[in-house]
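Examination of the molecular architecture
What follows is each chain in one-letter form.
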Amino acid sequence: MKRTIIAILLTVFLGQSLLAQEMLTKDERMAWWREARFGMFIHWGVYAIPAGTWNGRQIGNIGEWIMNRAKIPMMDYQNMAKEFNPVKYDPEAWVKMAKDAGMKYIVITSKHHDGFALFDSEASKFNVVDHTVYGKDLLKPLAEACKKHGIKLGFYYSQAQDWNNPGGTAIRRLTKEGWPNPDSVIIDAYTKEHKGHWDWRQETKTFEQYIDDVAVPQVRELLTNYGDLAVLWWDTPSGMTDEAAEKLQALLALQPAIITNDRLKRPNFPGDHKTPEQRIPNLADLDGSDWETCMTMNGTWGYKSYDKNYKTPRTLIRNLVDIASKGGNFLLNVGPTAEGEFPAESIEILEAMGKWMKINGESVYGTKASPWGLFPWGRCTRKETKNGTSLYFSLYEWPADGKLVIPGLSARVVSARLLADGSKIKTTTAKNGTITITLPQNDPDPLLTVIRVDVRGKVADKIAQ
Ligand code: FHN
């Protein structure tokens, strides 16, 4: 009787959610995301303990792949994971850092390929509550902090690849670089035959069992236990079946407004947006779909103690503006330490970006792609206002003659000014609509200077250069 009542309630609830999802159009679901333009990716897990070094050897490639790259046996990895104790974890501080940097959403790895869940889970004991000395759910307080500070929260979930929950897939990396084991050739022969697995325990269940026993119930937990979720970020679909993808996709009805990416299963589960990784697409590659470039600040997603190869704030600000000028979003990664802190270099970058965004953020948020494509000297974004259009010109290079020539704009210029200090800028308009902007002698912002030009009326989506 009790079971029947629960089943009826569940059917009614799921039915309502499905209805709600059907009622929201894609444009409605994507509205905040298109406005946001800038988010924080967080790759955090027990791989931050070895931080790139295993048995005294630095393991090549990205830090969160250490178990796979070093072919660490499940038991050894799980023993190491028990010590995970992020006592310095302060989710509110994380959220504030993201917010102060001008980011509008956070996507965090709820479970990466190593199978370790940052949340309490009935479906797998390999989770922070049951398996570690820390013993507390890490996502709950993050969800609360996000809610408190008005930051949207998304969960990354590695749905197919899982190296610690038997039955999960394992992509085989082709180079042996970084393997500490002298038997690496033997291991490679083994992984070749065993579809990327290197420990017999990984094959004690089928993929279907893994999907039904771990992935589906965990995604259900994520979609029910943490309040409103903005994004579900799937990853590495290799080995996915249509059947598995359908089961996971059906769960999204639990969060009617949720946005998902294109990595559930290719090609027939396109999700809401594309995910170019570590690169900004060329204009010619864009087909009008929504997209989000995800990128590391240094060379790794998960923390590696010795990777100091950080991009400069100048480069990252330029990336953000380049992406916005092409109509995309920027999801910039931070890989916290095992103790729960952001690396000092990441904090510095976030602060510098935040300082720039406070003054120039209007040239990024809620903007549309440039009607001109790319200028050799910089980028453009645009925003429709009540009475016209604001055009934002970002200057990668300060022209030697101090003049910017913008062709083909028939709209009348109302005003032009520097966002850096609000000072007015002189413009002249020729009969053919070409605008010439006369710049001050010195570039006021070494990171990136933006000029806002307000014009009457709408500006065409495409203008020839
Ligand atoms: O294998 C992962 C990698 O560790 C990282 O999570 C990135 C982020 O987009 N996704 C995969 C590679 O595409």
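Let us look at helix H9 (residues 207-224). Three or four residues apart is the spacing at which side chains of an α-helix point the same way, because the helix has 3.6 residues per turn. With 18 residues, H9 extends 24 Å from end C-alpha to end C-alpha; this agrees with the ideal 26 Å at 1.5 Å per step. The sharpest bend along H9 reaches about 25° and sits at Ala-215, with the proline Pro-217 one to four residues further on. Residues of H9 that are buried include every one of Phe-207, Tyr-210, Ile-211, Val-214, Ala-215, Val-216, Pro-217, Gln-218, Val-219, Glu-221, Leu-222 and Leu-223, and no others. Looking at the packing, one finds that the buried side of H9 touches strand E4 (105-111), helix H7 (139-149), strand E5 (152-157), strand E6 (231-234) and helix H10 (242-251).

This part takes up the sheet that holds E6. Read across the open sheet, the 7 strands follow the order E7-E6-E5-E4-E1-E9-E8; overall the sheet is parallel. The sheet is open, and its two edges are formed by strand E7 (259-260) and strand E8 (292-295), each paired on a single side. Relative to E7, E6 runs parallel, the two sharing 2 bridges. Among the inter-strand pairings, Val-231 is bridged to a residue of E7, identified as Ile-259. Lying on the sheet, H9 is in contact with E4, E5 and E6; it crosses E5 at an angle near 175°.

Before going further, it helps to spend a moment on the side chain of His-149. Along the chain, the position of His-149 falls in helix H7. In this structure His-149 comes out as buried when scored by relative accessible area, which is 15%. Sequence-distant contacts of His-149, that is, excluding residues within four places in its chain, are made with Glu-92, Val-95, Lys-96 and Lys-99.

With that settled, consider the site of the ligand. Of all residues adjacent to the ligand, which total 15 residues, the nearest are His-43, Glu-64, His-113, Asp-235 and Glu-277. A distance of 2.6 Å separates a nitrogen atom of the ligand from a polar atom in the side chain of Asp-235. A distance of 2.7 Å separates an oxygen atom of the ligand from a polar side-chain atom of Glu-277. Contact with the protein chains removes 91% of the 330 Å² of surface that the ligand exposes when unbound. Here the residues of the shell around the ligand sort into 7 nonpolar, 4 polar and 4 charged.

Applying the stated rule across the entire model yields 22 aromatic pairs. Taken together, a centroid distance of 5.3 Å and an interplanar angle of 80° make the contact between Trp-32 and Tyr-105 edge-to-face. Placement of the pair is Trp-32 in helix H2 (residues 26-36) and Tyr-105 in strand E4, with a sequence separation of 73 residues. Assigned by exposure class, Trp-32 and Tyr-105 land together as buried. Pairing Phe-116 with Phe-126 gives two aromatic rings, centres 5.3 Å apart and planes at 75°, and the pair type is edge-to-face. On the criterion of sequence distance, the pair formed by Phe-116 in the loop between E4 and helix H6 (128-131) and Phe-126 in the loop between E4 and H6 is long-range, its members being 10 residues apart. For Phe-116, a relative accessible area of 1% gives the class buried. These aromatic residues form a ring-pair network of at least three members: Trp-44, Phe-84, Tyr-89, Trp-94, Phe-116, Phe-126 and Phe-342. In this structure, Lys-104 packs its charged tip against the face of Tyr-365, placed 4.5 Å from the ring centre. Here Lys-140 stacks its cationic end above the ring of Tyr-226, 5.3 Å away from the centre of that ring.

Rules used throughout
- Residues numbered from 1 in each chain as written.
- Predicted model: local features only at pLDDT ≥ 70, side-chain atom pairs only at ≥ 80, totals over all residues.
- Heavy atoms only, no water.
- Helix = DSSP H or I, 4+ residues; strand = E, 2+ residues; numbered from the N terminus.
- Expected span 1.5 Å × (residues − 1).
- Bend = angle between axes of the 7 residues up to and from the residue.
- Buried < 20%, exposed > 50% of the residue type's maximum accessible area, 1.4 Å probe, protein only.
- Contact = heavy atoms within 4.5 Å.
- Pairing = 2+ DSSP bridges.
- Axes fitted to C-alpha atoms, helices over the stretch in contact; angles between N-to-C directions.
- Near = heavy atom within 4 Å.
- Polar contact = N/O pair within 3.5 Å; in protein donor to acceptor, adjacent residues only side chain to side chain.
- Areas by Shrake-Rupley, 256 points an atom, 1.4 Å probe, with all protein chains shown as cover.
- Nonpolar A, V, L, I, M, F, W, Y, C, P; charged D, E, K, R; others polar.
- Phe/Tyr/Trp six-rings, centres within 6.5 Å; stacked < 30°, edge-to-face > 60°.
- Lys NZ or Arg CZ within 6 Å of the ring centre and 35° of its normal.

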